[in-house]
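# Examination of the molecular architecture
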Amino acid sequence: MIDAIENSAYAVWVRESPSIWAYTTILSLHAMGLAIIVGINTIVALRLLGYVPDIPINKLRQLYPWMYVGFTINAFSGLSLLAANLSNDLHNWMFYVKLTMILCAMINLELTKVRVFDTPAVINGTGVPAEAHRFAIASMVFWSLAICAGRLVEYPNFVEKWVGMLFGH
Amino acid sequence: MVETIAHLMLKTGLDNFVATNDWVWPVCEILHFFGMAAIIGTVGLVDARMLGIGKGIPIASLERFVPIGVLGLLLNVITGFIFVAGNPVGGPQEYLTNLAFLTKMTLIVIAGVNLLVFYAFGIARIANATAPDGSAPLSAKVVAAVSLIAWFGVIFFGRFIMYNDTLLNALGL
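Residues numbered from 1 in each chain as written. Chains lettered and ligands numbered in written order. Predicted model: local features only at pLDDT ≥ 70, side-chain atom pairs only at ≥ 80, totals over all residues.

### Re the overall build of chain B
- Tallying secondary structure elements over chain B gives ten helices and zero strands in all.
- Listed by position from the N terminus, the elements making up chain B come as α-α-α-α-α-α-α-α-α-α.
- The principal-axis extents of the C-alpha atoms in chain B amount to approximately 55 × 35 × 25 Å.
- Counting over 173 residues, chain B shows a buried share of 39%.
- For chain B, long-range pairs separated by at least 24 residues make up 77% of all intrachain contacts whose partners lie at least 6 apart in sequence. (Helix = DSSP H or I, 4+ residues; strand = E, 2+ residues; numbered from the N terminus. Buried ≥ 20, exposed ≤ 12 C-beta atoms within 10 Å, placed from the backbone. Contact = placed C-beta atoms within 7 Å.)

Here is the structure:
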């Protein structure tokens, strides 16, 4: 199964094609998608924490589709890179940390929508639920950890060495 | 000139620092991505608003997040300098003669000049006067489009630095 995916025509093209649109462009799309979703998320979070209060919070709701654009770009590019490098990634535990952080961040994003943006108080501009702060902080923590883990996926030897040193095995 | 710059960079001793501390490179990579998200999230969002996305959000208010983007840029200049001056494989020359890297630097300069134009020619003032759900003037839209293309281009060519041969091959060089 893993071999079949890794040796599929698409995975081979992503990994081995000398085309400028193959591996490196997909890699750069992954960075762009990250910048879009994390960038917008951080601004929304900072506003929920009380920064720049003259921005009406309910107007930020329309940025959600753009965060989904970032997420879609990264789901597509991420799955392509995963197919191309499947067995390595599946043996890299930092990859699972990254996926877990993204899952938490996306659940948090949806919860923020339902429990903050879709509340009557926010829609009518009369107030913000107290728990908005918690969603905002969680958003920044999850995305920060997702970026850290995502970058560390590329340095498995370094990670093994430091985990060994810090936790002694 | 490349030799002179490379020589000056090597005088910082960063190559030795990177070579003897294995955490420096991964940590700088992480910070470089944080900086990238900060720039796109702030500057990119102001650009998007000027192009008509997120109407109802006052442009001037959104601009108040831009100092975070400036911090991100500063962080990336510092970490980027460490990558170039501390490059363990091939030294600074490897970067300074790399087409993807040089294109990335050019795009950063274009983004910088674009920003100067935005403030020096009064475009920022007109853009900030736009009603919260109004349309920014055409001049601001042009500045915004140039900015977005430049910054996403920076990301594109940044990722190509390590795959410069693919770029050269595509260009028939």
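### Here's the deal with the overall build of chain A
- Summing up its helical and strand segments, chain A has nine helices and zero strands in all.
- What you see in chain A, going N to C, is helices and strands ordered as α-α-α-α-α-α-α-α-α.
- When the 169 residues of chain A are sorted by exposure, 34% land in the buried category.

### Quick word on unusual backbone geometry
- Phi is positive for Val-52 of chain A, which is not a glycine, with a value near 45°.
- Of note, Val-52 of chain A is situated in the loop between helix H3 (23–48) and helix H4 (64–84).

### Digging into the interface of chain B and chain A
- On the side of chain A, 30 residues touch chain B, which itself brings 32 residues to the contact.
- With twelve residues, the top contributor of residues to the side of chain B that touches chain A is helix H3 (residues 24–50) of chain B.
- Among the residues making up the side of chain B that touches chain A, the classes are represented as 20 nonpolar, eight polar and four charged. (Nonpolar A, V, L, I, M, F, W, Y, C, P; charged D, E, K, R; others polar.)

### Focus: the nonpolar core
- Of all hydrophobic cores here, the largest spans 79 residues; its most connected members are Ala-35 and Ala-146 of chain A together with Met-36 and Ala-37 of chain B.
- Not counting chain neighbours up to four residues away, the residues in contact with Ala-146 of chain A comprise Lys-98, Met-101, Ile-102 and Ala-105 of chain A. (Core = buried A, V, L, I, M, F, W, Y, C linked by C-beta atoms within 7 Å.)

### Quick notes on the confidence of the model for chain B
- Predicted confidence across chain B gives a mean pLDDT of 97, with 100% of residues reaching 70 or more.
- Here the prediction assigns the complex a pTM of 0.96, and the interface score ipTM is 0.95. (pLDDT = per-residue confidence, 0-100.)

### A look at the environment of Met-67 of chain A
Residue and element names in this part refer to chain A.
- Counting through the fold element by element, Met-67 comes out in helix H4.
- Judged by the 19 C-beta atoms lying within 10 Å of it, Met-67 is partly exposed.
- C-alpha separation for the pair Met-67 and Tyr-10, spaced 57 residues apart in sequence, amounts to 27 Å.
- Setting aside chain neighbours within four positions, we find Met-67 in contact with Ile-37, Ile-40, Asn-41 and Leu-109.

### Remarks on the packing of H3 of chain A against H3 of chain B
- Closest axis-to-axis distance for the H3 of chain A/H3 of chain B pair is 7 Å, and the angle between their directions is 65°. Looking at the two axes, H3 of chain A sits roughly perpendicular to H3 of chain B. Handedness of the crossing formed by H3 of chain A with H3 of chain B: right-handed. On H3 of chain B, the residues that touch Ala-31, Leu-34, Ala-35, Ile-36, Val-38, Gly-39, Ile-40, Thr-42 and Ile-43 of chain A of H3 of chain A are Met-36, Ala-37, Ile-40, Gly-41, Thr-42, Gly-44 and Leu-45 of chain B.
- When grouped by side-chain class, the residues that make up the contact of H3 of chain A with H3 of chain B number eleven nonpolar, five polar and no charged. (Axes fitted to C-alpha atoms, helices over the stretch in contact; angles between N-to-C directions. Parallel < 35°, antiparallel > 145°, perpendicular 65-115°, else oblique. Left-handed = near helix turned anticlockwise from the far one by under 90°.)

### What to know about H3 of chain B
All names here are of chain B.
- Helix length check: H3, at 27 residues, gives a terminal C-alpha distance of 38 Å against a target of 39 Å (1.5 Å per residue), a fit within 8%.
- At Gly-44, H3 is deflected by roughly 30°, the largest bend along its length.
- Burial of H3 is extensive: 19 of the 27 residues sit out of reach of the surface.
- Two residues or fewer after H3 comes Gly-52, characterised by a positive phi angle close to 105°. (Expected span 1.5 Å × (residues − 1). Bend = angle between axes of the 7 residues up to and from the residue.)

### Concerning helix H5 (residues 66–85) of chain B
All names here are of chain B.
- Between its first and last C-alpha atoms H5 spans 28 Å; for 20 residues at 1.5 Å apiece the expected length is 28 Å, and the two agree.
- When we look at burial in H5, the residues that qualify are Gly-69, Gly-72, Leu-73, Asn-76, Thr-79, Gly-80, Ile-82, Phe-83, Val-84 and Ala-85.
- Where H5 is buried, its residues contact helix H1 (2–10), helix H2 (14–20), H3 and helix H6 (91–96).

### Thoughts on the packing of H3 of chain A against helix H8 (residues 132–152) of chain A
All names here are of chain A.
- At a minimum axis separation of 8 Å, H3 and H8 run at an interaxial angle of 150°. Accordingly, the angle class assigned to the pair H3 and H8 is roughly antiparallel. You can see that H3 and H8 cross each other, and the crossing is left-handed. On H8, the residues touching Val-38, Asn-41, Thr-42, Ala-45 and Leu-48 of H3 are Ala-132, His-133, Phe-135, Ala-136, Ser-139, Met-140, Trp-143 and Ile-147.

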